[in-house]
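So the chains spell out like this:
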Amino acid sequence: MTGSPPPTPGDRLFAWPQYLLPQHLLSRALGRVARSRWRPLKDPLIRAFAAHYRVDLAEARLAAAGAYPDFASFFTRALKPGARPVTAGPGDVASPVDGRVFQVGVAGASAPLSAKGGRFDLERLLGGSPERAAPFVGGAYATIYLSPRDYHRIHLPVAGTLREMVLVPGRLFSVNARTAAVVPDLFARNERVVARFDTDLGPLALVMVGALVVGSVETVWHGVVTPPRPRRVTAWQYPAGAVRLGRGDEVGRFHVGSTVIALFGPGAVAWDGGLVPGRAVRMGQRIGGAVL
């Protein structure tokens, strides 16, 4: 991988004010707006957002703005059956989300990983535990950014059994490339939810990274994970077989979107050659496969 260019003055001007923002307070306030069911507010908001970001409502299960009880429901909208076919080849790895690839690579032990123009430390990313990070040292990772217009549900790239969920408290910086170029260890500084699975391809971690104005992150087995926002790392352990999901099954969703990082163990997965930074992907499409 080549090094990222240094941040421009414009990048710094965009990112530095975020240090001063009341990030969590702002996110809570906008979260209340997103959950408002007052029709004179939520219907125009949904229509304006869909028009501005060119959201394709034709593929949504509910195509009319007025059909959603609030903006949050629209943002986490379900799609029509068949809108996202899931790759079915043996050993295939499916994209967990709609979005755009920002970086793919191999995770180092303590050396920072490059992602989205920024860098993050594997151990810190996963909550500060060497034992939690160890299975992923030398493994393949992919970082995918979800833009406002994307489908914002997260799905499992390969079938697996949930082993652990970890809530890591942190900041809520914007996760665009301009911020990542300026803020050190951006992904390991922002609030995030880590879901670790046992799969036929070995260990898998899905890291759901929060961001500015992300009102909450929820999972299908727990419900809303954040908020509340604890001050310390909080982990939940799950008995073997308690939560079993197939490839393409929903894992969770962002209430206003962010970034997902998929991590596999060493020697397990090879990304497809076309999976390069800047490439748009859709949930369910093949992005890699088992190393034979």
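You'll find the structure just up there.
Residues numbered from 1 in each chain as written. Predicted model: local features only at pLDDT ≥ 70, side-chain atom pairs only at ≥ 80, totals over all residues. Heavy atoms only, no water.

**Some words on the overall build of the protein chain**
Each helix and strand in the protein chain was counted, giving eight helices and 18 strands. Split into buried and exposed, the 292 residues of the protein chain put 52% on the buried side. In the protein chain, once contacts between residues fewer than 6 apart in sequence are set aside, the share between residues at least 24 apart is 77%. Accessible surface for the protein chain amounts to roughly 12,700 Å². Of this, 58% is attributable to carbon and sulfur atoms. (Helix = DSSP H or I, 4+ residues; strand = E, 2+ residues; numbered from the N terminus. Buried < 20%, exposed > 50% of the residue type's maximum accessible area, 1.4 Å probe, protein only. Contact = heavy atoms within 4.5 Å. Areas by Shrake-Rupley, 256 points an atom, 1.4 Å probe, with all protein chains shown as cover.)

**What to know about the nonpolar core**
Within the largest apolar cluster, 38 residues are counted, with the highest numbers of intra-cluster contacts made by Phe197, Met208, Trp221 and Trp271. Among the secondary structure elements, those contributing two or more residues to this core are β2 (99-106), β5 (139-145), β7 (160-168), β8 (192-199), β9 (202-209), β14 (250-255), β15 (259-266) and β16 (269-271). Not counting residues within four places of it along the chain, the set of residues in contact with tryptophan 271 comprises Val93, Val104, Gly105, Ala140, Tyr141, Ala142, Ala262, Phe264, Ile287 and Gly288. The next biggest cluster of nonpolar side chains, apart from the first, holds 15 residues, and it includes Leu125, Leu126, Val168 and Leu263. (Core = buried A, V, L, I, M, F, W, Y, C linked by side-chain atoms within 4.5 Å.)

**Points about the pairing of β9**
Burial of β9 is extensive: six of the eight residues sit out of reach of the surface. Two strands pair when backbone bridges link them, and β8 and β9 are joined in this way by eight bridges, in the antiparallel orientation. Looking at the pairing, valine 194 lines up with valine 207 of β9. (Pairing = 2+ DSSP bridges.)

**What about the sheet that holds strand β6 (residues 153-155)?**
Pairing is antiparallel in the open sheet, where four strands are placed in the order β6-β14-β10-β11. Every other strand in the sheet has two partners, leaving β6 and β11 (223-226) as the edge strands with one partner each. Taking each pair of neighbouring strands and ignoring which way they run, the sheet shows an average axis angle of 30°. Of the strand pairs in this sheet, strand β10 (residues 216-219) and β11 are connected by three bridges, and their pairing is antiparallel. If you follow valine 217 over to β11, its bridge partner there is threonine 226. (Axes fitted to C-alpha atoms, helices over the stretch in contact; angles between N-to-C directions.)

**Describing the pairing of β2**
Along any regular strand the residues' side chains alternate between the sheet's two faces. By the bridge criterion, two bridges tie β2 to strand β17 (residues 280-281) in an arrangement that is antiparallel. Bridging from a neighbouring strand, glycine 99 pairs with valine 281 of β17. With six bridges joining them, β2 and β5 adopt antiparallel strand pairing. Of the residues in β5, the one forming a bridge with valine 104 is alanine 142.

**Regarding unusual backbone geometry**
In this structure, arginine 54 is a non-glycine residue whose phi angle is positive, near 55°. Relative to the helices and strands, arginine 54 resides in the loop between α3 (39-52) and α4 (71-75). Since its relative accessible area comes to 64%, arginine 54 is described here as exposed.

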